[in-house]
Amino acid sequence: MTPGLMAGKRGLVMGVANDRSLAWGIAQAIAAHGGEIAFSYQGEALEKRVRPLAASLGSGGLVDGSSGGANGPFLIECDVGDMASIDAAFSQLAARWPQIDFLVHAIGFSDKNELRGRYVDTSLDNFLMTMNISVFSFTAVAQRAAAMMPDGGSLLTLSYYGAEKVIPHYNVMGVAKSALETSVKYLAMDLGPTKVRVNAISAGPIKTLAASGIGDFRYILKWNEYNSPLRRNVTIDDVGGAGVYLLSDLASGVTGEIHHVDAGYNVIGMKAEDAPDISVA
Ligand code: NAD
């Protein structure tokens with residue numbers, strides 16, 4: 001591993017729920033490459049999980065093996081469904097770190113009752129809530145983060161192939177991810193003149209808390225494993241490696257990009273001949 005790709009850079013990682021979260025894979029890779037991280041968490045229940053994880057990476061100070069540095073882990077509460085909470089979170093961030101270099105947005109949410117069955121049955125309330133939490137929140141945090149990046153920076157969000165093609169049960173989240181991917185492109189254009197880059201990773205399916213809400217997710221995992229060019233599913237470490245690339249100066253000429261980290265699944269046109277037949281059950 002090349003050390004130091006993130007040395008001298010600090011930023012906010014939003015969306016760690018536990019040690020299986022994609023945000024955690026990215027955070028670990030950032031820390032391994034010398035970056036400093038503040039973490040936002042959704043609410044008190046998650047703080048208990050995020051605190052020890054953040055401390056183990058030395059968040060908010062030097063790695064000391066336990067406390068996470070002299071000031072303790074840098075943790076900030078933020079519910080992106082509440083604009084006042086977003087404002088408060090960024091005030092807290094700016095009070096300690098007036099300038100940041102990167103932001104990771106690994107947040108999505110929809111009513112799991114609508115992540116099964118048919119998209120056509122989506123309700124207005126859940127459509128609006130899903131778009132707010134999973135799409136607009138990235139624009140909301142981009143507005144605030146970019147203002148803290150006078151020397152430029154890098155913003156990263158997480159998408160999925162269900163934005164491009166119909167995936168069973170992904171439904172309203174697929175529509176939301178399409179909007180998220182398009183907002184990456186518009187944000188890239190708006191923020192490019194100030195050297196703020198905006199990209200997304202389109203990750204293959206990974207078993208996480210959020211993913212467990214999607215109907216027949218185990219079937220989706222198996223299908224991807226058997227039919228991807230690499231004949232495996234991706235891990236949060238795979239996502240973390242690509243995350244460091246996009247957040248670091250290695251990707252200094254890359255913005256507006258939707259970068260697939262999916263073992264190549266998106267290039268496939270049909271089932272592999274050697275893929276076993278599988279059933280939903
Ligand atoms: P996860 O459950 O570990 O993370 C989802 C995070 O979203 C949690 O930390 C949760 O607290 C946060 N969140 C939800 N509502 C919020 C709110 N109102 N305010 C603040 N935070 C909120 O699951 P994950 O799979 O790591 O999801 C992270 C991102 O990766 C999501 O955008 C997801 O769509 C995307 N993604 C996941 C997969 C996958 O297969 N797991 C694949 C591609 C993309």
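Residues numbered from 1 in each chain as written. Predicted model: local features only at pLDDT ≥ 70, side-chain atom pairs only at ≥ 80, totals over all residues. Heavy atoms only, no water.

Colleague: Whenever I open this one, the overall build of the chain confuses me. Can you help?
Modeller: Within the chain, the regular secondary structure consists of seven helices and seven strands. Beginning at the N terminus, the succession of helices and strands in the chain can be written as β-α-β-α-β-α-β-α-β-α-β-α-α-β. Overall, the chain is about 55 × 45 × 40 Å in size when its C-alpha atoms are taken along their principal axes. By residue count, 53% of the 281 residues in the chain fall in the buried class. Excluding contacts between residues fewer than 6 apart, the proportion of contacts in the chain whose partners are at least 24 apart in sequence is 74%. Of the roughly 13000 Å² of accessible surface on the chain, 55% is carried by carbon and sulfur atoms. (Helix = DSSP H or I, 4+ residues; strand = E, 2+ residues; numbered from the N terminus. Buried < 20%, exposed > 50% of the residue type's maximum accessible area, 1.4 Å probe, protein only. Contact = heavy atoms within 4.5 Å. Areas by Shrake-Rupley, 256 points an atom, 1.4 Å probe, with all protein chains shown as cover.)

Colleague: I tried to follow the site of the ligand on my own but got confused; where do I start?
Modeller: Around the ligand, the surrounding shell holds 29 residues, and the nearest of these are Gly15, Ser21, Gln42, Ile206 and Thr208. Gln42 places a polar side-chain atom, nitrogen or oxygen, 2.8 Å from an oxygen atom of the ligand. Within the complex, the protein chains bury 93% of what would otherwise be the 810 Å² of accessible surface of the ligand. Structurally, the ligand is housed in the largest pocket. Partitioned by chemical class, the residues of the shell around the ligand number 19 nonpolar, eight polar and two charged. (Near = heavy atom within 4 Å. Polar contact = N/O pair within 3.5 Å; in protein donor to acceptor, adjacent residues only side chain to side chain. 1 Å grid on protein atoms, 1.4 Å probe; cavity = no way out; pocket = protein on both sides within 12 Å on 5 of 7 lines; lining within 4 Å. Sits in = over half its atoms within 2 Å of the grid points. Nonpolar A, V, L, I, M, F, W, Y, C, P; charged D, E, K, R; others polar.)

Colleague: I'm lost on the packing of helix H3 (residues 83–96) against helix H4 (residues 124–146) in this one. Help?
Modeller: When two helices pack together, their arrangement is given by the angle between the helix axes and by the axis-to-axis distance. Contact geometry for H3 and H4: axes closest at 11 Å, N-to-C directions at 35°. The way H3 lies across H4 gives a crossing that is right-handed. For the pair formed by H3 and H4, the contact residues are Met83, Ile86, Asp87 and Phe90 on the first element and Asn132, Phe136, Ala140, Val141, Arg144 and Ala145 on the second. Residue classes in the contact of H3 with H4 are distributed as seven nonpolar, one polar and two charged. (Axes fitted to C-alpha atoms, helices over the stretch in contact; angles between N-to-C directions. Left-handed = near helix turned anticlockwise from the far one by under 90°.)

Colleague: Even after reading the chapter, I still don't get the nonpolar core, so can you show me in this structure?
Modeller: In globular proteins that are soluble, nonpolar side chains generally tend to be buried together. Within the largest apolar cluster, 49 residues are counted, with the highest numbers of intra-cluster contacts made by Phe90, Leu93 and Leu155. For this core, the secondary-structure elements that each account for two or more residues are strand E1 (10–14), H3, H4, helix H5 (171–191), strand E6 (196–203) and helix H6 (217–227). Beyond its immediate stretch of four places on either side in the chain, Phe90 contacts Leu12, Leu103, Val141, Arg144, Ala145 and Met148. (Core = buried A, V, L, I, M, F, W, Y, C linked by side-chain atoms within 4.5 Å.)

Colleague: What am I meant to see in the sheet that holds E6 here?
Modeller: Strand pairing in a sheet relies on backbone hydrogen bonds, with the paired strands running either antiparallel or parallel. Strand order in the open sheet formed by seven strands is E3-E2-E1-E4-E5-E6-E7, with parallel pairing between adjacent strands. Each edge of the sheet is formed by a strand with only one pairing partner; in this case those strands are strand E3 (75–77) and strand E7 (258–261). Across the sheet, the axes of successive neighbouring strands diverge by a mean angle of 20°, strand direction being ignored. Here E1 pairs with strand E2 (residues 36–41) via five bridges, running parallel. Within E2, the residue paired with Leu12 across the bridge is Ala38. The strands that H4 touches are E1, strand E4 (102–105), strand E5 (153–159) and E6; relative to E4, the one it contacts most, it runs at about 170°. (Pairing = 2+ DSSP bridges.)

Colleague: Which parts of the structure should I look at to understand the pattern of salt bridges?
Modeller: It is possible for side chains of opposite charge to pair when their charged atoms get near one another. Inspection of every chain in the model, using the stated rule, returns nine salt bridges. With a closest N to O distance of 3.0 Å, Asp249 and Lys9 form a salt bridge. On the criterion of sequence distance, the pair formed by Asp249 in the loop between helix H7 (236–247) and E7 and Lys9 in the segment before E1 is long-range, its members being 240 residues apart. For Asp249, a relative accessible area of 52% translates into the label exposed. According to the relative accessible area criterion, Lys9 is buried, its value standing at 15%. When the shortest N-O distance is used, the salt bridge between Lys222 and Glu225 registers 3.3 Å. On the criterion of helical spacing, the pair formed by Lys222 and Glu225 is a turn pair, its members being three residues apart in helix H6. A residue is classified by how much of its surface remains accessible, and Lys222, at 34% relative accessible area, is partly exposed. Given a relative accessible area of 26%, Glu225 falls into the partly exposed group. (Salt bridge = Lys/Arg side-chain N within 4 Å of Asp/Glu carboxyl O.)

Colleague: Which parts of the structure should I look at to understand the confidence of the model for the chain?
Modeller: Where the model shows low pLDDT, its predicted coordinates should not be examined in detail. With 95% of its residues at a pLDDT of 70 or more, the chain has an overall mean of 94. In the predicted structure, residues 62–69 sits below a pLDDT of 50 and forms 16 contacts with residues beyond four places in sequence or in another chain. (pLDDT = per-residue confidence, 0-100.)

Colleague: For this particular structure, what's the right way to read the environment of Lys195?
Modeller: Tracing the sequence through the fold places Lys195 in the loop between H5 and E6. Apart from residues no more than four positions distant in its own chain, Lys195 is found in contact with Gly152 and Gly153.

Colleague: Even after reading the chapter, I still don't get the side chain of Ser183, so can you show me in this structure?
Modeller: Locating Ser183 in the fold gives a position in helix H5. Setting aside chain neighbours within four positions, we find Ser183 in contact with Val135 and Thr139.

Colleague: Sorry, what's going on with the packing of aromatic side chains here?
Modeller: To describe a pair of aromatic rings, you give the distance between the ring centres and the angle between the ring planes. With the rule as written, the count across this model stands at four aromatic pairs. Taking the centre distance of 6.3 Å and the plane angle of 35° together, the rings of Tyr219 and Trp223 count as tilted. Of this pair, Tyr219 and Trp223 both sit in helix H6, four residues apart, roughly one helical turn. Classification of Tyr219 as partly exposed rests on a relative accessible area of 23%. Trp223 sits in the partly exposed class, given a relative accessible area of 26%. Positioned above the aromatic ring of Phe74, the side-chain terminus of Arg96 is 4.2 Å from the ring centre. (Phe/Tyr/Trp six-rings, centres within 6.5 Å; stacked < 30°, edge-to-face > 60°. Lys NZ or Arg CZ within 6 Å of the ring centre and 35° of its normal.)

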